[in-house]
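Per-entry structural report
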Amino acid sequence: MSDSAVTDPEGRERAPLPGNVRGRDGHGPLGRLRRPRRPRLWFEVLLIAVSYWTYSLIRNAVPEQRAEALRNADAVWRFEHRLGLAVEQSVNHAANADSWLIIGMNYYYATLHFVITLGVLVWLYRRHPGRYAAARLVLFATTGVALAGYYLFPLAPPRLMRGGRFVDTVMVHHTWGSMASGDLKHMSNQYAAMPSMHIGWSLWCGLTVFALASVPWARVLGLLYPLLTLLVIVATANHFWLDAVGGVLCLAFGFAVARLWYGGMPHALPRRVPEPAAPRPGPAAPPV
């Protein structure tokens, strides 16, 4: 057979690897790089830590072009008004009317962005090792291309607009959680709002769980998570809804990169990868 089917530990045959992933019989450096393999824990922990540190360093190194960012925010706000979809202020004020609700949203915005993304990565590593590298590539490519948006289109969030009458909910309710509010505002680029990686990452999590989870309630939660995140980023005045559109486009780019590299979408790859074959023993030495 020309296709190399993969068998999991339970003896069930999985779909064969796409031909352009296997390369020419899996030989050559490019073929080996593009072939799904079992992730190594120490390498993944180091890679994620270094990658996030690099992303944060580059994101915060973007010059804070305040005047241009405010002009762009005004332009986005006018454009949404022309579309008849400038809903951010109404959502922000409605959520802020209930202290318990908006405080919960502040902590949601501050924590789940990281906690759930790391949780999905750990779940993939443990339960879907054959798909882990491709899914991780989607996330990395999505985050990497977002940096171009921060450089090319500095954008002030609604809460920093001139005369926008938005409520900075972290400041008003004295909660921690926004790296661009309060005492932490000098540690983060306040004008890197487009695209929204809260949406890019949450949609990656949601689609991954929806595609791979085996229980219906987990799949439903996967779909609800990015929708709830969209509500939170708008209600806390940290993003326009158009920033979410930018996050979706970045994620589409990430999936395209993974498909080109691995020859298929992450969920279409084998769940598990075969253990490396043990080296064949050489010929026995002749008796002396």
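Structure: above.
As a starting point, this report considers the structure included with it.

Cut-offs and rules
Residues numbered from 1 in each chain as written. Predicted model: local features only at pLDDT ≥ 70, side-chain atom pairs only at ≥ 80, totals over all residues. Heavy atoms only, no water. Helix = DSSP H or I, 4+ residues; strand = E, 2+ residues; numbered from the N terminus. Areas by Shrake-Rupley, 256 points an atom, 1.4 Å probe, with all protein chains shown as cover. Patch = residues over 30% accessible without salt bridge, like charges linked within 9 Å, V, L, I, M, F, W, Y side chains within 5 Å. Salt bridge = Lys/Arg side-chain N within 4 Å of Asp/Glu carboxyl O. Buried < 20%, exposed > 50% of the residue type's maximum accessible area, 1.4 Å probe, protein only. Core = buried A, V, L, I, M, F, W, Y, C linked by side-chain atoms within 4.5 Å. Contact = heavy atoms within 4.5 Å. Expected span 1.5 Å × (residues − 1). Bend = angle between axes of the 7 residues up to and from the residue. 1 Å grid on protein atoms, 1.4 Å probe; cavity = no way out; pocket = protein on both sides within 12 Å on 5 of 7 lines; lining within 4 Å. Points joined across faces, edges and corners; volume = space filled by probe spheres on them. Nonpolar A, V, L, I, M, F, W, Y, C, P; charged D, E, K, R; others polar. Polar contact = N/O pair within 3.5 Å; in protein donor to acceptor, adjacent residues only side chain to side chain.

1. Describing the overall build of the protein
Along the backbone of the protein there are 11 helices and two strands. Taken from the N to the C terminus, the helices and strands of the protein come in the order β-β-α-α-α-α-α-α-α-α-α-α-α. As presented, the protein carries roughly 15,800 Å² of accessible surface, and 66% of it is formed by carbon and sulfur atoms.

2. As for a nonpolar patch on the surface
A cluster of nonpolar side chains, Val215, Trp217, Val220, Leu221, Leu224 and Leu227, forms an exposed patch at the surface whose accessible area comes to about 610 Å². Tracing the backbone shows Trp217 in helix α10 (residues 216-235). Relative accessible area serves as the criterion here: at 60%, Trp217 is assigned to the exposed category.

3. Quick notes on the nonpolar core
Membership of the largest hydrophobic core comes to 37 residues, with the highest contact counts inside it found for Leu124, Tyr150, Met197 and Trp204. Of all the elements in the fold, those that place two or more residues in this core are α6 (99-127), α7 (129-152), α9 (197-212), α10 and α11 (241-262). Sorting elements by how many residues they give to this core places α9 first, with eight residues. When residues no more than four places from it in sequence are discounted, the contact partners of Leu124 are Pro129, Tyr132, Ala135, Trp204, Thr208 and Leu212.

4. With respect to α6
With 29 residues, α6 extends 39 Å from end C-alpha to end C-alpha; this agrees with the ideal 42 Å at 1.5 Å per step. Thr111 marks the point of greatest bend in α6, at about 45°. Of all the residues in α6, the buried ones are Ile102, Met105, Asn106, Tyr108, Tyr109, Ala110, His113, Thr117, Val120, Leu121 and Leu124.

5. Considerations on empty space enclosed by the protein
A probe matching the size of a water molecule, rolled over the atoms, marks out where space remains unfilled. Evaluation of the coordinates by the stated rule reveals two cavities of 30 Å³ or more. Counted as a void, the largest cavity has a volume near 40 Å³. Along its surface, the largest cavity is lined by Tyr108, Tyr109, Leu112, His113, His198, Tyr225, Thr229, Val232 and Ile233. Residues that form the lining of the largest cavity fall into these classes: six nonpolar, three polar and no charged.

6. Some points on α9
Across its 16 residues, α9 extends 22 Å between first and last C-alpha, which sits within 8% of the 22 Å expected from 1.5 Å per residue. Judged by how many residues are buried, α9 sits mostly within the fold: 13 of 16 residues are covered. For α9, the side-chain oxygen to backbone nitrogen distance between the N-cap and His198 is 3.4 Å, and the N-cap itself is Ser196.

7. Points about unusual backbone geometry
Between Met194 and Pro195 the backbone carries a cis peptide bond, its omega angle lying at 5°. Residue position: Pro195 is located in the loop between α8 (169-173) and α9. One non-glycine residue, His174, lies in the positive phi region at around 55°. Using a relative accessible area of 72% as the deciding quantity, one classes His174 as exposed.

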